[in-house]
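Structural overview
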Amino acid sequence: MQAITDNNGVKRYLITLNVNGDSYSRVVKANTTLANFLREELDLTGTKKGCELGDCGSCTVLLDDKPVDSCLVLAVEADGRHITTIEGLAQHEKLDKLQESFVNNAAVQCGYCTPGMIMSAKALLNRNPHPSEQEVREAIAGNLCRCTGYVNIVKAVLAAADEQ
Amino acid sequence: MYLPDFEYYAPSSLPEACGLLAQFGARAKVIAGGTDALPKMKQELMAPEALVSLKNLSQLTNIFYEQEKGIIIGSRATHNDLANSPVLQEKYLSICEAAHHMANNQVRNRGTVGGNIINAVPSADLPPILIALGAIVKLVGTGGERTVPLEEFFSGPGKTVIKQDEILTEIILPDQPFTGSTYMKFGLRRSGALAVVGVAAAVVMDGDICKDARIVLGAVAPVPIRAKKAEELLKGKSVTDGLLEEVGVCAAGESKPISDIRGSAEYRRDMVRVFTKRALKKAIQEGHC
């Protein structure tokens, strides 16, 4: 990873991340979190920031197919890795089955937790296409819904799994 | 919530990493998964001038068995790496279960076993079961490497015997005679909650006689502690419910809990009694679970 020092002595690093299939190279400071990188450098504001301490899961993205809190990953640590955000799920303007299912099951209230919930659920269905209700609840245990609308969220994930 | 500025290094070898730690001294911190370091920095609980990342030291993520040595767990293995490791699942499912019930899935995909040990939080979930199974940690520094039994590694909340230029590289689980082991955590929620009380038990059973036992208590003392009197009470005896109750009472007496938002000292002490009994029963009846 190449370090670049500007006239004021501030160090920046050249990183390349694959986000939703596209490769992006940017020069960032070491203290840039992956969440801020996605939102501010790439304008991918679907990824939300909540607690920023790894408790709420609003900022969940897939890092090499595994759900992580992007507020607790430094952008420089994600150099060379594959990231999937909520913007990467719809294909050719057609929503992902999970997204459709969230709409159909009214699993969205204020919507703030939704991108993170869907990314956690996506990771679950990728490795376990037919989860039990308990497995769904476990998979989204790191995603807090401030409207407490968990019942329909679980229903939506199970319905999406049935459809597969 | 922004992170303060810091220098960032991602060395590609251990000697280079230790050299950086020696060079910066107390002004540098190691970053592995970042699930502990970054929240602390955001909350201004620490402000290192430099972070030394272990991300390029990929050999530290392996979990494997080595003849005559035992199971080697790389310090950078994540909690989910431990939970899903075929080697661990075969020999010590108890460690997989302890790792699987920590924090939440996102944190388990980043947080590492080394970080869970180094941070020396009294309620950490992995140290009790690792101590019960006789784990030894390998520390590598600029002057070479040394090994320390995990039981002797902690010196207080947030404090360990690791030196400034050292990196915890491996957790070694030597071959041993234990026929069963388990870790039981009592938290206020099933997910994303710290242990109010954590009890690890390992036993050597011969019929219904308990030949040897280790009981390790978490979250009820400044560091994880062995309940040695309780262990002695159990050794060499035929196991009955009455004996396990006595052992639980004894372990409760050995704990030194504090009162905090998650529970009072009295409550914690009584939960030590209950969970010691339950953990022993489980390890005796179900093996490594």
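Now for a description of the structure that goes with this document.

Calculation criteria
Each chain carries its own residue numbering, running from 1 in the written order of its sequence. Here the convention is simple: chains get letters from A, ligands get numbers from 1, in the order in which they are written. Since the coordinates come from a predicted model, pLDDT governs what is reported: local features require at least 70, and pairs of side-chain atoms require 80 or more to be given and counted, while whole-chain, interface and lining totals use all residues. Excluded from the side-chain calculations are hydrogens and water; all other atoms, namely the structure's heavy atoms, are used. Every axis in this analysis is a line fitted to C-alpha atoms, fitted for helices over the stretch in contact. Angles between the N-to-C directions lie between 0 and 180 degrees. Only DSSP runs of H or I covering at least 4 residues are called helices, and only runs of E covering at least 2 are called strands; the numbering of each starts at the N terminus. In this scheme the handedness of a crossing depends on how the near helix is turned from the far one: anticlockwise by less than a right angle means left-handed, clockwise means right-handed. Every residue pair with non-hydrogen atoms within 4.5 Å of one another is taken to be in contact. In this scheme, a residue with accessible area under 20% of its type's maximum is buried, one over 50% is exposed, and one in between is partly exposed, where area comes from a 1.4 Å probe on protein chains only. Only when DSSP finds a minimum of two bridges between them are two strands counted as paired. Here the aromatic set is Phe, Tyr and Trp, taking the six-membered ring for Trp, and pairing holds for ring centres within 6.5 Å; pairs whose planes are under 30 degrees apart are stacked, those over 60 apart are edge-to-face, and all others are tilted. By the criterion adopted, a ring carries a charge over it if an Arg CZ or a Lys NZ lies within 6 Å of its centre and within 35 degrees of its normal. Residues adjacent in sequence count toward polar contacts only when both atoms are side-chain atoms; beyond that, a polar contact is any pair of N or O atoms within 3.5 Å, and within protein one must be able to donate a hydrogen and the other to accept it.

Residues and elements named next belong to chain A. Where helix α3 (residues 114–127) meets helix α5 (residues 150–163), the closest approach of the two axes is 11 Å, and the angle between their N-to-C directions is 35 degrees. Of the two elements, α3 crosses α5, and the hand of that crossing is right-handed. Contacts between α3 and α5 pair Met117, Ala121 and Leu125 from the former with Tyr150, Ile153, Val157, Ala160 and Ala161 from the latter.

Here we come to the pairing of strand β4 (residues 60–63) of chain A. All names here are of chain A. Taking every second residue as pointing to the same face, both faces of β4 are buried, with Thr60 and Leu62 on one and Val61 and Leu63 on the other. Across four bridges, β4 lies against strand β5 (residues 66–69) in antiparallel orientation. Its bridge partner being in β5, Val61 is matched across the sheet by Val68. Here β4 hands over to β5 after two residues, with Asp64 in that stretch at a positive phi of 45 degrees.

Residues and elements named next belong to chain B. A full pass over the atoms with the stated rule returns five aromatic pairs over all chains. Ring centres of Phe186 and Phe275 lie 5.4 Å apart, and the angle between their planes is 25 degrees; this geometry places the pair in the stacked category. Placement of Phe186 in strand β11 (residues 180–187) and of Phe275 in helix α11 (residues 265–286) is noted, with a sequence separation of 89 residues between them. Like Phe186, the residue Phe275 is buried in the burial classification. Each member of the aromatic cluster is reached from another via a ring pair, and the members are Phe186, Tyr267 and Phe275. Of note, Arg278 hangs over the ring of Phe275, and the distance from its end group to the ring centre comes to 5.1 Å.

The next thing to look at is the side chain of A:Ser70. Residues and elements named next belong to chain A. Within the fold, Ser70 resides in the loop between β5 and β6 (82–84). Owing to a relative accessible area of 0%, Ser70 belongs among the buried residues under this scheme. A polar contact of 2.7 Å, which involves the side chain of Ser70, links it to the backbone oxygen of Cys59. Residues in contact with Ser70, not counting those within four places in the same chain, are Thr33, Leu34, Ala35, Thr47, Cys59 and Val61.

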